[in-house]
Amino acid sequence: MTDVNAVDIDIDLDHAPQEQQASSSRSTPWLVATGVTVVAAALGLTLTLRSGAAPACAAGPASAAAPPTGTATHNGKATFYDSKGAGGNCSNPAAPANRLYVALGPTEYSAGAACGGFLDVTGPKGTVRVLIMDQCPECAPGHLDLSREAFARIADPVQGLVPVTYRAVVNPPLPGPLTFRMKEGSSQWWFAVRVGNHGNPLRSVEVRQGDSGTFRSAARQDYNYWLIASGAGAGPFTIRVSDVYGNRVTVGGIRMAPGQVQNSTVRMYGRGAVAATPRASASPRPPAARPAVTPTPVRRPVEVAQASAPATGTPAAQPAVANARWCG
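- The name given to the protein chain in an unreviewed UniProt entry is Peptidoglycan-binding domain-containing protein, expansin, with Micromonospora chokoriensis as the source organism.

See the structure below:
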């Protein structure tokens, strides 16, 4: 795409489903809503199979939006749903291979700030570790909508709704080095990147063209891409990633390759991390739901690692699907 107007049109078409859709078709107004409600008399609960935006559970009182962080233990309740393999509002290419994931209500999802973090959830039968992958628009704070497989680790699925405790996992084992995916429609005039394999919730993503000059802050979007609406140049890029616990790494050589996952050799923390990475604090500062677009950059010497060759192919688009779930 060489002309700006053409880019703008492509962005509108491409973003509408990703900004609105969830893996459970929770917020897709252009789909025809269908629903079948089955009364579970023995449990006094309602099972809803649906496609559309009609809420199945009433949301609770509003509170300050922030993802679960630190070492605090929270009390809540858990239900379950099935993403059918889709990657949820966090724009994951797919559900994790182990199928252990969770959707959070708007307060804890915090406009995408929770994406990529992990929770340890404890129920009647035990504890399970889950990836934060999705949003449950109708869930109140403390209401976790687990995958069916995760729910089965902590309770009998026939219960449908169980009390739980949960806490954030600080510096969990990483599945691999950081990955970067430029969104379809990205160009020198419009920049959007998704960062993967970071373990903890992210605080900021900063970008510069080449390996010198000033970093520019990208703004987090609800669908877990980091955006510079005016573009960041043609690339290649150096990207600096910081999480909510103060870990910070810098990765160079990220190309303008929309739709491709680029694998780096840099881990967010631990062995393979690049540049200064302060140790995690037990009482982290709460992350901002939407980072400022142009803050004054922190200037410090950093070692820059180059990304390896990107994986070939474009991840399949995430279809909107209906999901069965219990609500309490």
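Resuming the write-up.
**So, the overall build of the protein chain**
- The helix and strand tally for the protein chain stands at 3 helices and 19 strands.
- Buried positions account for 52% of the 328 residues belonging to the protein chain.
- About 13,800 Å² of surface is accessible on the protein chain, with carbon and sulfur atoms providing 56% of the total.

**Some thoughts on the state of the cysteines**
- Under the counting rule described, the total for this entry stands at 2 disulfides.
- In this model, Cys90 is linked to Cys115 through a disulfide, with the two sulfur atoms separated by 2.0 Å. Handedness here is read from the sign of the S-S torsion; for Cys90 and Cys115, about -85 degrees, the answer is left-handed. Placement of the pair is Cys90 in the loop between β3 (74-81) and β4 (101-104) and Cys115 in the loop between α2 (106-109) and β5 (118-123), with a sequence separation of 25 residues.
- Exposure remark for Cys90: the relative accessible area of 0% places this residue in the buried category.
- For Cys115, a relative accessible area of 2% puts it in the buried group.
- Note on cysteine connectivity: Cys136 is disulfide-linked to Cys139, with sulfurs 2.1 Å apart. Handedness here is read from the sign of the S-S torsion; for Cys136 and Cys139, about 65 degrees, the answer is right-handed. Per residue, the accessibility class of Cys136 equals that of Cys139, and both read buried.

**Re the pattern of salt bridges**
- Applying the stated criterion to the full structure yields 6 salt bridges.
- The shortest N-O distance in the salt bridge between Arg129 and Asp120 comes to 2.8 Å.
- The partly exposed category is assigned to Arg129, whose relative accessible area is 37%.
- A salt bridge links Glu206 to Arg240, with the shortest nitrogen-to-oxygen separation between them at 2.9 Å. Separated by 34 residues along the polypeptide, Glu206 in strand β11 (residues 202-209) and Arg240 in strand β15 (residues 237-243) bring together distant segments of the chain.
- What makes Glu206 buried here is its relative accessible area of 5%.
- One connected set of salt bridges, linked through shared partners, spans Asp82, Lys84, Arg99 and Glu149.

**Here we look at the sheet that holds strand β9 (residues 179-182)**
- Overall, antiparallel pairing links the 5 strands, which are arranged β13-β14-β10-β9-β17 in an open sheet. On the outer flanks of this sheet lie β13 (219-220) and β17 (261-263), each paired with one strand and no other.

**Digging into the pairing of β3**
- Bridge analysis of β3 against strand β8 (residues 162-168) gives 5 bridges, and the strand direction is antiparallel. Within β8, the residue paired with Lys77 across the bridge is Pro163.
- As paired strands, β3 and strand β7 (residues 143-147) are joined by 5 bridges and run parallel to one another. Residue pairing for β7: Ala78 is matched across the bridge by Leu144.

**Remarks on the sheet that holds β4**
- With mixed pairing, 6 strands are arranged side by side around a closed barrel as β3-β7-β4-β6-β5-β8. Across the sheet, the mean angle separating the axes of adjacent strands is 45 degrees when strand polarity is ignored.
- Bridging between β4 and β7 involves 2 bridges; their strand directions are antiparallel. Across the sheet, the residue bridging to Val102 is Leu146, located in β7.

**Description of the environment of Pro236**
- Looking at where Pro236 falls in the secondary structure, it is placed in the loop between β14 (226-228) and β15.
- Judged by relative accessible area, which is 44%, Pro236 ranks as partly exposed.
- Sequence separation of Pro236 and Met256 is 20 residues, and the distance between their C-alpha atoms is 6.4 Å.
- With residues up to four places along the chain from it excluded, the contact list for Pro236 reads Gln209, Gly210, Gly253, Ile254 and Arg255.

Quick notes on the rules
- Residues numbered from 1 in each chain as written.
- Predicted model: local features only at pLDDT ≥ 70, side-chain atom pairs only at ≥ 80, totals over all residues.
- Heavy atoms only, no water.
- Helix = DSSP H or I, 4+ residues; strand = E, 2+ residues; numbered from the N terminus.
- Buried < 20%, exposed > 50% of the residue type's maximum accessible area, 1.4 Å probe, protein only.
- Areas by Shrake-Rupley, 256 points an atom, 1.4 Å probe, with all protein chains shown as cover.
- Disulfide = S-S within 2.5 Å.
- Salt bridge = Lys/Arg side-chain N within 4 Å of Asp/Glu carboxyl O.
- Pairing = 2+ DSSP bridges.
- Axes fitted to C-alpha atoms, helices over the stretch in contact; angles between N-to-C directions.
- Contact = heavy atoms within 4.5 Å.

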